[in-house]
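Breakdown of the fold
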Amino acid sequence: DALPLPAPAFLMRLLLLLTFYLHLLAMNAMLGGILVTLWARFRSRNPGDAWASLADTIAGTTPSLVAATVTLGVAPLLFLQTLMGQFFFTSSILMGWGWFSVVVVLIFAYYGAYLQSFRGEKLGTLRTPLLIVTAALFLWVGFMFSNNTSLMAAVDKWPGMYFADPRGLWLNLKDATLAPRYLHAVGGAVAITGLMLAWWNRNSHMARTGLTAFNWATLANALIGLWYLAALPREAMLMFMGGNPAATVLLVSAMVLTAAVLILGFRARQVPGAVRLPITLVTAAIMAVMVLMRDMSRAVILADHYQPARFAVKTQGLNLALFVLLLLGGVAVVVWMVRKLRQTWSA
């Protein structure tokens, strides 16, 4: 980029990873919440049973979680554009219409979430079909992001795609990592929602359902993660298989932590509430490891094209300080809001 970076590349990368982690927390709770709500609607046999009550309860939280997901997604997207704009904008052009659709689809999905929350009973027989459409719209948004972030690393494919058809109709469907990347994100969302329900614990059915969702989604995600690893380009896969000590430690850590959280999760089914904090801490560590592994794999794939250490830097100290203060203040406000919402939802 002709413009110098506003801060050193390592700091921008650190902030990208930190803000992306925060975005993941909200996104997982939101998307997983919608999918678990849909599951509960299908399990429900009458409006007053435990499954219907669970679906109604989760639906009431969805608009707030959508707002948190969108808000916390702004910063990592801006850091990504600043650090890797030449890659991100190129992939966005190649899949132009799919990328443009994200804004429109997200608006309608947001409306669907609000209708489920505030007009649920009045929807009558349309409630579940509308929920299916809403879930499909949010899944589409996630699929577009997975397409873009995988296509931005497929530099060698760009010329062939663009000169074959420059209309912005491309998706990265032939990429071997796309399916496991996307399914890994969706599975993680269901697991995090399950953990959220276990903490919420309004009743035994909610806690039991949450732990069930967490355990089986985590187990499925462990298998998908192995698929994802095998689908990586050879240089990235070998990096995790001993080619890079730090990357290998991350992979081993991910496996050990996943085994530990599964043991804790299935144990929690017999002792509700006893291991929620350990499960949460281990899950938080797994998410951090996954974010780092994702970043390292992209860096090695783009190693021949992307060398941020050579970028010109003109540090904007005041803007950087303002960002840090606003980030800390924003996180504090979000924590306060979550506490207030939890008190309201638990009433």
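Shown above is the structure to which this text applies.
What counts as what
Residues numbered from 1 in each chain as written. Predicted model: local features only at pLDDT ≥ 70, side-chain atom pairs only at ≥ 80, totals over all residues. Heavy atoms only, no water. Salt bridge = Lys/Arg side-chain N within 4 Å of Asp/Glu carboxyl O. Helix = DSSP H or I, 4+ residues; strand = E, 2+ residues; numbered from the N terminus. Polar contact = N/O pair within 3.5 Å; in protein donor to acceptor, adjacent residues only side chain to side chain. Contact = heavy atoms within 4.5 Å. Buried < 20%, exposed > 50% of the residue type's maximum accessible area, 1.4 Å probe, protein only. Core = buried A, V, L, I, M, F, W, Y, C linked by side-chain atoms within 4.5 Å. 1 Å grid on protein atoms, 1.4 Å probe; cavity = no way out; pocket = protein on both sides within 12 Å on 5 of 7 lines; lining within 4 Å. Points joined across faces, edges and corners; volume = space filled by probe spheres on them. Nonpolar A, V, L, I, M, F, W, Y, C, P; charged D, E, K, R; others polar. Phe/Tyr/Trp six-rings, centres within 6.5 Å; stacked < 30°, edge-to-face > 60°.

Evaluated as defined, the whole model comprises 6 salt bridges. Linked by salt bridges that have partners in common, R13, D295 and R298 make up one network.

Moving on to the side chain of R41. Relative to the assigned elements, R41 resides in helix α1 (residues 9-43). Looking at R41, its side chain comes within polar contact range of the side chain of D56, at 2.6 Å. Ignoring sequence-local partners within four residues, the contact set of R41 consists of A52, A55, D56, R127, T128 and L131.

Quick look at the environment of L326 now. Within the fold, L326 resides in helix α12 (residues 317-346). Measuring from C-alpha to C-alpha, the distance between L326 and S150 comes to 31 Å, with 176 residues separating the pair along the chain.

Further remarks concern the environment of T37. The residue T37 is located in helix α1 in this model. It is 18 Å that separates the C-alpha atoms of T37 and F108, two residues lying 71 residues apart in sequence. The residues touching T37, leaving out its near neighbours within four places in the chain, are A55, I58, A59 and L131.

A few words now on the side chain of S91. By secondary structure assignment, the location of S91 is in helix α3 (residues 62-94). The class of S91 is buried, set by a relative accessible area of 0%. A distance of 2.4 Å separates the side chain of S91 from the side chain of N148, its partner in a polar contact. Those residues in contact with S91, other than ones at most four positions away along the chain, are N148, L151 and M152.

Before going further, it helps to examine the nonpolar core. A general trend in soluble globular proteins is that nonpolar side chains are found buried together. Membership of the largest hydrophobic core comes to 78 residues, with the highest contact counts inside it found for L31, L83, M84, F87 and I279. When neighbours within four sequence positions are excluded, L31 is seen to be in contact with F138, L139, V186 and A189. L229, A247, L251 and M296 belong to the second largest nonpolar core, which has 13 residues in total.

Applying the stated criterion to the full structure yields 2 cavities of 30 Å³ or more. The computed volume of the largest cavity comes to approximately 50 Å³. What lines the largest cavity is simply I34, T37, A59, T62, A113, Q116, L131 and T134. Listed by contribution, the elements that provide at least two residues to the lining of the largest cavity are α1, α4 (96-118) and α5 (127-151). A breakdown of the residues in the lining of the largest cavity according to their chemical character gives 4 nonpolar, 4 polar and no charged.

Our focus in this paragraph is the packing of aromatic side chains. For the structure on display, the rule yields 15 aromatic pairs. For the pair F79 and F323, a centre-to-centre distance of 5.2 Å together with 90° between the ring planes defines the contact as edge-to-face. Here the residue F79 occupies a position in helix α3, and F323 occupies one in helix α12, the gap between them amounting to 244 residues. Taken together through their ring pairs, the aromatic side chains of F87, W158, Y306 and F311 make up a single cluster.

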